[in-house]
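# Observations on the three-dimensional arrangement
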Amino acid sequence: MKTLFILPPQWYPMNPYLSAAQLIGQFKKNGMHAAARDLNIEFFNDILKKKNVLSAVKEAKEFFESFAPEVKANGYCEEKFNEYPRELQTKLLRFIACSEFFSQNEINAEDIAERIEDAVSVMKDKERFYDPEQLFEAKDTLMDALRIISLPFMPSRIMLDNFIANPVYGYDYEDIKLQCSDSNLNMFVDYFNEKIKTEDFAEYSLIGISIFDLSQVIPGLTLAKYLKERTNAHITLGGNYIYKIRESLKKFPEFFEIFCDSVQIGDGEIAAVTLAKAINGEIPIDKVYSLIYKDKNGEIRETETAPLLDMDALAPPCFDGYDFGKYFSADIVLPVQLSKSCYWAKCTFCDFYTGQQCFDIKSVNHAVDEIQSLVEKYGFRHFIIADEAVPPKYYNQFALEVIRRGLKINFYSFARMEKGFTKEVLQNLYNAGARFFAWGYEAESERIMKLINKGIDCSYRKTLLEDAKSVGLWNMCTFMLGYPSETPEEAEATKNTIRNRDLVNSCTPSNFALKKNALLIKETDDAGIKDIVDNGDFHISCNYVINGNPTKNIKKDRMTFQAEFLRQTADALWSLSFTDTDHILLYLSKYGAEWVYNYKLKYKKHNFNGT
Ligand code: SF4
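Worth saying up front: this structure is predicted, and the values here are computed from it rather than measured.

Attention now moves to the overall build of the protein. When its secondary structure is counted, the protein shows 22 helices and 21 strands. Here the protein has a C-alpha radius of gyration of 24 Å; the compact-globule value for 611 residues is 25 Å, and the two agree. If you line up the protein on its principal axes, its C-alpha atoms span 70 × 60 × 55 Å. Taking all 611 residues of the protein together, 58% fall into the buried category. Counting only contacts in the protein whose residues sit at least 6 apart along the sequence, the fraction spanning at least 24 positions is 75%. Put simply, the protein shows about 25,100 Å² of open surface, and 49% of that area lies on carbon and sulfur atoms. Side chains of the protein give 73 positive and 87 negative charges; the mean places of these two sets differ by 2 Å.

Glancing now at the layout of surface pockets. Counted as a void, the second largest pocket has a volume near 460 Å³. Surrounding the second largest pocket, 16 residues form its lining, Ile 47, Asn 52, Asp 190, Tyr 191 and Glu 194 being those nearest its centre. Elements with a minimum of two residues in the lining of the second largest pocket: helix H2 (39-47), helix H3 (50-74) and helix H8 (187-195). Taken together, the residues of the lining of the second largest pocket sort by class into eight nonpolar, two polar and six charged. Both domain 1 (2-39 + 181-281) and domain 2 (46-170) contribute no fewer than three residues apiece to the lining of the second largest pocket.

We now examine the packing of aromatic side chains. Aromatic rings in a pair are described by how distant their centres are and how their planes are angled relative to each other. Scanning all chains against the criterion turns up 51 aromatic pairs. Ring geometry for Phe 255 versus Phe 538: centroids 5.6 Å apart, planes at 55°, classification tilted. Remark: Phe 538 occurs in the loop between strand E19 (529-534) and strand E20 (541-546) and Phe 255 occurs in helix H12 (residues 255-258); sequence separation between them is 283 residues. Of the two residues examined, Phe 255 and Phe 538, each falls in the buried class. Here the aromatic residues Phe 129, Tyr 130, Phe 136, Trp 574, Tyr 587, Tyr 591, Trp 595 and Tyr 599 are joined through ring pairs into a cluster of three or more. Note that Arg 230 overlies the ring of Tyr 226, its terminal NZ or CZ placed 3.6 Å from the centroid. Positioned over the ring face of Tyr 430 is Arg 435, at 3.9 Å from the centre of the ring.

Glancing now at the side chain of Gln 216. Relative to the helices and strands, Gln 216 resides in the loop between strand E5 (204-210) and helix H9 (217-230). Here Ser 210 takes part through its backbone oxygen, which lies 3.3 Å from a polar atom of the side chain of Gln 216. Discounting residues that sit within four places of it in the chain, Gln 216 has contacts with Leu 7, Pro 8, Pro 9, Gln 10, Ser 210, Ile 211 and Leu 221.

Relative to the assigned elements, Leu 586 resides in helix H21 (residues 581-591). When the C-alpha positions of Leu 586 and Asn 500 are compared, they lie 23 Å apart, and in sequence the two are 86 residues distant. The residues touching Leu 586, leaving out its near neighbours within four places in the chain, are Phe 129, Tyr 130, Ser 329, Asp 331, Val 333 and His 382.

Attention now goes to the domain arrangement of the protein. Per the domain assignment, the segments of the protein are domain 1 (2-39 + 181-281), domain 2 (46-170) and domain 3 (331-598). Each of domain 1 and domain 3 has a C-alpha centre, and the two are 29 Å apart. The interface is formed by 23 residues belonging to domain 1 together with 24 residues belonging to domain 3. Carbon and sulfur atoms supply 54% of the area buried between domain 1 and domain 3, which totals about 2,000 Å² over both sides.

Time to look at the nonpolar core. Within the largest apolar cluster, 210 residues are counted, with the highest numbers of intra-cluster contacts made by Leu 48, Phe 255 and Phe 398. Once residues lying within four places of it in the same chain are set aside, the contact partners of Phe 255 are Tyr 173, Leu 221, Leu 237, Leu 249, Cys 260, Val 263 and Phe 538.

Moving on: the sheet that holds strand E17 (residues 506-511). Across a sheet, paired strands are connected by hydrogen bonds in the backbone, their directions being either parallel or antiparallel. The six strands are arranged E10-E13-E14-E15-E16-E17 in an open sheet whose pairing can be described as parallel. The two strands at the open ends of the sheet, each matched to only one other strand, are strand E10 (333-336) and E17. Each neighbouring strand pair of the sheet contributes to a mean axis angle of 20°, computed without reference to strand direction. Pairing of strand E16 (residues 474-481) with E17 involves six bridges; the strand directions are parallel. Bridge pairing in E17 places Phe 479 opposite Pro 509.

Surrounding the ligand, one finds Cys 342, Ala 345, Lys 346, Cys 347, Phe 349, Cys 350, Phe 352, Tyr 353, Glu 388, Arg 416 and Lys 454. Among the residues forming the shell around the ligand, the class breakdown is seven nonpolar, no polar and four charged.

It is at 9 Å that the axes of H8 and H9 come closest, and there the two elements cross at 40°. Relative to H9, H8 is oriented oblique. Along this stretch, H8 crosses H9, giving a crossing that reads as right-handed. Along its contact with H8, which presents Phe 188, Val 189, Phe 192 and Asn 193, the element H9 presents Pro 219, Thr 222, Leu 223, Tyr 226 and Arg 230. Partitioning the contact of H8 with H9 into residue classes produces six nonpolar, two polar and one charged.

The next point concerns empty space enclosed by the protein. Regions of empty space are outlined by a rolling probe, equal in size to a water molecule, passed over the atoms. With the rule as written, the count across this model stands at two cavities of 30 Å³ or more. Estimated volume of the largest cavity: approximately 60 Å³. As for the largest cavity, its lining consists of Gln 22, Gln 26, Glu 269, Met 311, Leu 314, Ala 315, Pro 317, Lys 362 and Glu 370. Class assignment for the residues of the lining of the largest cavity results in four nonpolar, two polar and three charged.

What counts as what
Sequence positions are assigned chain by chain, starting from 1 and proceeding in written order. The predicted nature of this model means local features are confined to residues of pLDDT at least 70 and side-chain atom pairs, given and counted, to a pLDDT of 80 or more, with totals for whole chains, interfaces and linings taken over all residues. Excluding hydrogens and water, the side-chain values take into account all heavy atoms of the structure. The secondary structure listing takes helices from DSSP runs of H or I that are at least 4 residues long and strands from runs of E that are at least 2 residues long, numbered from the N terminus. Based on C-alpha atoms, the radius of gyration is set beside the globule rule, defined as 2.2 Å times the residue count to the power 0.38. Burial classes: relative accessible area under 20% of the type maximum marks a residue as buried, over 50% as exposed, and values in between as partly exposed (1.4 Å probe, protein chains only). It only takes one pair of heavy atoms within 4.5 Å for two residues to be counted as in contact. For the accessible areas, the method is Shrake-Rupley and the probe is 1.4 Å, while residue cover comes only from the protein chains on display. None of His or the chain ends enter the tally, which takes Lys and Arg as positive and Asp and Glu as negative. Each charge is placed at NZ for Lys, CZ for Arg, CG for Asp and CD for Glu. With a 1 Å grid laid over protein atoms only, a set of points is called a cavity when a 1.4 Å probe fits there but cannot get out and a pocket when it is open yet has protein on both sides within 12 Å along at least five of seven lines; lining residues have an atom within 4 Å of a point. Grid points are joined across faces, edges and corners, and a volume is the space filled by probe spheres set on the points. Under the scheme applied here, ten amino acids are nonpolar (Ala, Val, Leu, Ile, Met, Phe, Trp, Tyr, Cys and Pro), four are charged (Asp, Glu, Lys and Arg), and all others, including Gly, are polar. Either an automatic procedure or a domain database provided the assignment from which the domain bounds are taken. Any two rings among Phe, Tyr and Trp, with Trp reduced to its six-membered ring, count as a pair given centres within 6.5 Å; such a pair is stacked if its planes are under 30 degrees apart, edge-to-face if over 60, and tilted if neither. By definition, being over a ring means that NZ of Lys or CZ of Arg is both within 6 Å of the ring centre and within 35 degrees of the ring normal. For this analysis, a polar contact is any N or O atom pair within 3.5 Å, provided that within protein one partner can donate a hydrogen and the other can accept it, and provided that sequence-adjacent residues contribute only side-chain to side-chain pairs. Joining two parts hides part of their accessible area as seen by a 1.4 Å probe, and the buried area is that hidden amount summed over both. As used in this record, nonpolar core signifies buried Ala, Val, Leu, Ile, Met, Phe, Trp, Tyr and Cys residues forming a set joined through side-chain atoms within 4.5 Å. Pairing between strands requires that DSSP locate at least two bridges from one strand to the other. Every angle, taken between N-to-C directions, lies between 0 and 180 degrees, and every axis is a line fitted to C-alpha atoms, over only the stretch in contact when it is a helix. In these notes, residues near a molecule or strand are those with any non-hydrogen atom within 4 Å of it. Oblique is the label for any angle not covered by the other classes, which are roughly parallel (under 35 degrees), roughly antiparallel (over 145) and roughly perpendicular (65 to 115). Note on convention: near helix rotated counterclockwise from far helix by under a right angle means a left-handed crossing. Clockwise means right-handed.

Set out below in structure tokens:
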């Protein structure tokens, strides 16, 4: 009995993802066979080819030229857009995207086609990757190529750091079902049709598909449907995203006929092993932990939640069989996880930790043993510690143990801006190999920080950033604009902190989103959030109005600020970073924070619209 765990597109193609490796480790520990297939990285390697860029631009041109007379003859207009049938709306949005592309001079499709395969090789080349001029030109080329490849499917669009679904269609069940079958709306229908050979999956009795982000919903469910139709395996869906939409899924028994046989809810380390045992006939299906499935009578059932995880009892992640040469990084950054959930878990806007049962952390020795064994087994020395946040006192002990063992590693992680991160602790972390932290700064205003319930002393934040800088660490900070009741002055104060690049070396701005699994969802009246509209059964957030401002305006304001900030800092290596963090670690490990900060790019970037 064999199990396969799949990571579907779209996810950033830089390094292996952790969840499948964690599950394989657990299966091995239990004497069971499991393998992983990273279809996300296969997808990016497959599509970023000269022939695909050329055929996409040809298809887009043919569409544009054949549809232009109809647009002219019918006088379609923006005011009536919502009255048009959805097929026509899609065509009009595609027409606009093609028109914008063909009328700009910055990107020449034939030139991008010539350069795309070399750009992919720059990302993987041990010398060229570390030349910033070549790296940033290659990244722009990848982004340009993805834009061109998306033209025949616009307004759905594949990007390096996101997949934008067609906005004409929603995230309710019927629309999701439609999009997962229609090759005109969804490029993954044709892609999987060509890519997936049924015989490649014949040996597996259980196939788990991990969906942890909105960007994977359409591609992941398209894949699930495809495998459900063409294999005899039990198809199960898991991942943080599936946890967040679990209640919606129960409303659609048909979902368990079309897309999968079951979904796994929450932490999978214990639950997935019990599911494999059930598929192997060792236990009945109703004894599997944390499972939602449709029983023989067509009733949706949910089984008992898996027992709490003991982090020290978990097996280390197993990356055996991974083709590391496919990833878009000259050096691999391996993910590890020291803890589950968040030790604070009280920020009002946050849903990051939901689906992880409760906070538990590996003992320091166990954690360092695990990293040491990964270094010895795979020969990689760069790590992302993929925790929601690591407590400072623990982190200090971890650092001292790494130093004591003389382990030569470099790493980064998220962290809370707590007073426990003293200069001494930061120095120990640097000496142990830390090169940057992603600090949750959120908002400059102390009033907003209190509403967020961040639970930190805001007056300490600047001291912490200065201390971190003085020991050689790079400060990346996450920010949030548009929290309910934020005044224009408060927003401006946050923007000013973002602009202070000497302290905030890289930033990740976002705008407030009302998430269905966040604490704030129960207090929207008190927060002054009005006109809440559910984005659909398969979406994890809602639209809303704050101070007369709808979600789309709040997002637009943030995007405008972000694009302007990126333009103003275009010669910096990483003034803003959403998903480039692994690359930042590699550069900091090689060159140090001062070199990276002071480097002025000669190459002129032209992609300034982050998601
Ligand atoms: S924002 Fe960070 S610190 Fe706050 S609850 Fe979420 S994971 Fe924890």
